[in-house]
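# Understanding the architecture of this molecule
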Amino acid sequence: MKALLAVDVQNDFCPGGSLAVARGDQVVPYINSIRDGYALVIFTQDWHPPDHASFASNHPGARVGELREVNGVRQIMWPDHCVQHTRGAEFHDALDVRPQDKVVRKGELTAVDSYSGFLDNDRQHETGLRGLLQQQDVDEVDVAGLATDYCVKFTVLDALQAGLRVRVLRAGCRAVNLNPGDEEAAYREMAQAGAQVV
Ligand code: VGL
Ligand code: ZN
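Residues numbered from 1 in each chain as written. Chains lettered and ligands numbered in written order. Predicted model: local features only at pLDDT ≥ 70, side-chain atom pairs only at ≥ 80, totals over all residues. Heavy atoms only, no water.

### Observations regarding the sheet that holds strand β5 (residues 102-106)
- The 6 strands lie next to each other as β5-β2-β1-β6-β7-β8, forming an open sheet whose pairing is parallel. Each edge of the open sheet carries a strand with a single partner, namely β5 and β8 (196-197).
- Pairing geometry for strand β7 (residues 165-174) and β8, over 2 bridges, is parallel. Paired with Arg-167 across the strands is Gln-196, a residue of β8.
- Each of β1 (2-7), β6 (140-146) and β7 touches helix α1 (residues 27-34); the most contacted strand, β7, lies at about 135 degrees to it.
- Packed on one face of the sheet, helix α3 (residues 148-161) meets β1, β5, β6 and β7 and runs near 165 degrees to β6. (Pairing = 2+ DSSP bridges. Helix = DSSP H or I, 4+ residues; strand = E, 2+ residues; numbered from the N terminus. Contact = heavy atoms within 4.5 Å. Axes fitted to C-alpha atoms, helices over the stretch in contact; angles between N-to-C directions.)

### Some remarks on the site of ligand 1
- In the vicinity of ligand 1, the contacting residues are Asp-8, Phe-13, Leu-19, Asp-46, Trp-78, His-81, Tyr-115, Leu-146, Ala-147, Tyr-150 and Cys-151.
- Within the side chain of Asp-8, one N or O atom sits 2.6 Å away from an oxygen atom of ligand 1.
- Contact between ligand 1 and Ala-147: an oxygen atom at 3.0 Å from a main-chain N or O atom of the residue.
- Protein chains shield 100% of the accessible area of ligand 1, which is 260 Å² for the free molecule.
- In terms of residue class, the shell around ligand 1 is made up of 8 nonpolar, 1 polar and 2 charged. (Near = heavy atom within 4 Å. Polar contact = N/O pair within 3.5 Å; in protein donor to acceptor, adjacent residues only side chain to side chain. Areas by Shrake-Rupley, 256 points an atom, 1.4 Å probe, with all protein chains shown as cover. Nonpolar A, V, L, I, M, F, W, Y, C, P; charged D, E, K, R; others polar.)

Honestly, it's all geometry; don't read function into it.
Pasting the structure below:
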């Protein structure tokens, strides 16, 4: 079975949000327009506690965008974003999320970030996405969402590792582009790992 995997389409990653991705909101009508083509739609949701290790505000002297080592893992310092139960963590208002859809939350542990929808960045804790896909007999996923160069990329790489056929839907993705060129580099990396970028 083929599923649509929509990554982190949340207020904080859209214009006006604390970690806004340029034109991030444009993925919403796109995802809405294709979702009827899938028997299963899964949304990932970045879902951090207020004391999360990825927030610059939780590290004395840290600047947003700086790279630090946190608990042995390289960690980009982000602005506070997608804090559990806040407006910024909610899906975009216009995103068509239905009761039968699945929602997989990630980044819930204080000590470690989770870009991938499958596993956190220290590769120790699974979110349950792999089990869900297995249980639903999913062998193919189309991936869209935010952001191309972080959570979309790492989710795609882990989906390939899990043995799935993966298509990345460019029209439904937008990038942070902390450095110019990050977006194209992410597409190259996903394609090299075996994803079909369409
Ligand atoms: C993301 C940075 C921090 C993403 C999440 O969804 O791409 N990026 N947390
Ligand atoms: Zn995050």
